[in-house]
Amino acid sequence: MMSSRAKKAKLNDDLINQILEIDNSSNSSEFSDFDDTDEDVTYNPNSSESDVESDVEESINDEKLDSSPASFSNTTRIEVWNYVTSKNRKQFLFNNAYSGLKIDIPPDSSALDIFKLFFTSEIIDLIVVETNRNAEQFLSKNRLSKFSRFAKWIPTNENEIQKFFGLIIWMGLVQMPTLEDYWCNSTRYKNYVAHKIIPRNRFELILRFLHFSDNEKFDGDKIYKVRNLVEKMIYNFQNVMEPDEDLAVDETMVPFRGRLGFRQYIPGKSHKYGVKLFKLCGTNGYTYNVQIYAGKSQVDGKGLACKVVLNLCQMYLNANRTITTDNFYTSLPLAYELLKNKTHLTGTLFFFFFFLF
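Residues numbered from 1 in each chain as written. Predicted model: local features only at pLDDT ≥ 70, side-chain atom pairs only at ≥ 80, totals over all residues. Heavy atoms only, no water.

- The protein appears in an unreviewed UniProt entry as PiggyBac transposable element-derived protein domain-containing protein from Aphis glycines.

A word on the overall build of the protein
- Helix and strand counts for the protein stand at 9 helices and 11 strands.
- By the burial criterion, 41% of the 357 residues in the protein qualify as buried.
- Sequence separation of at least 24 residues holds for 63% of the intrachain contacts in the protein that already meet a minimum separation of 6.
- Summing over all exposed atoms, the protein offers an accessible surface of approximately 21400 Å²; the carbon and sulfur share of this is 52%. (Helix = DSSP H or I, 4+ residues; strand = E, 2+ residues; numbered from the N terminus. Buried < 20%, exposed > 50% of the residue type's maximum accessible area, 1.4 Å probe, protein only. Contact = heavy atoms within 4.5 Å. Areas by Shrake-Rupley, 256 points an atom, 1.4 Å probe, with all protein chains shown as cover.)

Concerning the environment of Leu-310
- In this fold, Leu-310 is placed in helix H8 (residues 304–312).
- Separated by 24 residues in the primary sequence, Leu-310 and Leu-334 have C-alpha atoms spaced 8.1 Å apart.

With respect to the pattern of salt bridges
- On inspection of all chains with the given rule, the structure shows 9 salt bridges.
- Among the salt bridges present, the one from Glu-160 reaches Arg-202, with a minimum N-O distance of 2.8 Å. With a gap of 42 residues between them, Glu-160 in helix H4 (residues 158–173) and Arg-202 in helix H6 (residues 200–209) connect regions that are remote in the sequence.
- Under the relative-accessibility criterion, Glu-160 is labelled buried at 16%. (Salt bridge = Lys/Arg side-chain N within 4 Å of Asp/Glu carboxyl O.)

Some words on the nonpolar core
- Counting 52 residues, the largest nonpolar core has Leu-167, Trp-183, Val-249 and Leu-280 as its most contacted members.
- Residue assignment for this core shows that the elements contributing at least two residues are helix H3 (121–141), H4, H6, helix H7 (224–240), strand S6 (246–255), strand S8 (273–282), H8 and helix H9 (332–340).
- Here this core takes 7 residues from H8, the largest share from any one element.
- No fewer than three residues from each of domain 1 (111–209) and domain 2 (243–354) sit in this core. (Core = buried A, V, L, I, M, F, W, Y, C linked by side-chain atoms within 4.5 Å. Domains from an automatic or database assignment.)

Details of the pairing of S8
- For S8, a buried count of 8 out of 10 residues is recorded, marking the element as mostly surrounded by other parts of the structure.
- Bridge count between S6 and S8: 9 bridges; the pairing is antiparallel. Residue pairing across strands places Met-253 opposite Lys-276, the latter belonging to S8.
- Bridge count for strand S7 (residues 264–265) against S8 is 2 bridges, and the pairing is antiparallel. Considered in S8, the bridge of Gln-264 is made with Gly-274.
- Here 5 bridges tie S8 to strand S9 (residues 287–292), and the two strands are oriented antiparallel to one another. If you follow Lys-279 over to S9, its bridge partner there is Val-290. (Pairing = 2+ DSSP bridges.)

Side note on the side chain of Gln-264
- Along the polypeptide, Gln-264 turns up in strand S7.
- Here the side chain of Gln-264 touches Phe-262 through a polar contact of 3.4 Å, landing on its backbone oxygen.
- Excluding residues within four positions of it along the chain, Gln-264 makes contact with Met-253, Lys-272, Tyr-273, Gly-274, Lys-276 and Tyr-293. (Polar contact = N/O pair within 3.5 Å; in protein donor to acceptor, adjacent residues only side chain to side chain.)

Now the structure itself:
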């Protein structure tokens, strides 16, 4: 991202004065409204600490973030690491009067009532419409024999879709070797749950045609088939809870080993293969925003980490919050952009932190 690599230099009186003169004379600096002077109030030229080495960045030349709430500048600056004091730290006061639940939830609400706050009737209607549409498109484009199981398709409805997803959740709790075993009549696997909810052939038909978008409206978006569903789910997440002062951005893996153009392989994860999600979460683990990583072409390549954080936090900026990230996201350009939007950044760094620039 930078035009040159950071150089290590030993701070002395002449270098510090030169840095301060450059910083004070730059009236057109993009970050001139920040009190981020490089002067170290604890510096004593007569002490042994004057020989401490610091990383000096001679230029910062960032790519602009077209899709982010704010854009980086090409302004050239010299950066010096120094201790954070009350003199050079922006003070933000967060108002927690609006944090917490945004809706009234009766104390006697069941688990199903809570589930329906997120998996709403609007989402069920979307699934019904698009599943029936997908089945109609398939049947109209393919010649089927009278013995084909697809020829037995009849349109689904809201009640059947609720049963379908209820059975899927139950299957996650009661695991069997194969899908067919849930309807097996043998004494080893026999149960009476799946039989009573939906026949096996009907379940497999719905699973075959299950859809969340119109196939004929592909616009080049790699995740267009689930984007409608994801956006509605995110809206429900944000509509139920208002975050506190502290938020965290990190990635997670949804296990998947099938065929997918943007499937990821990350050796360090417990699930090495799957779909990578960038998530914005609160201190209680609640998810406020999600972004599916569909490859570099979906994020314009450069500045991925900065763009991810700014896009995820966009609606929660300018509220005096603090964003916590790990060393993949932490950078000075991101810190500056968040400061411009009245948001602090707390992040981890590698030991060789001069590669931050």
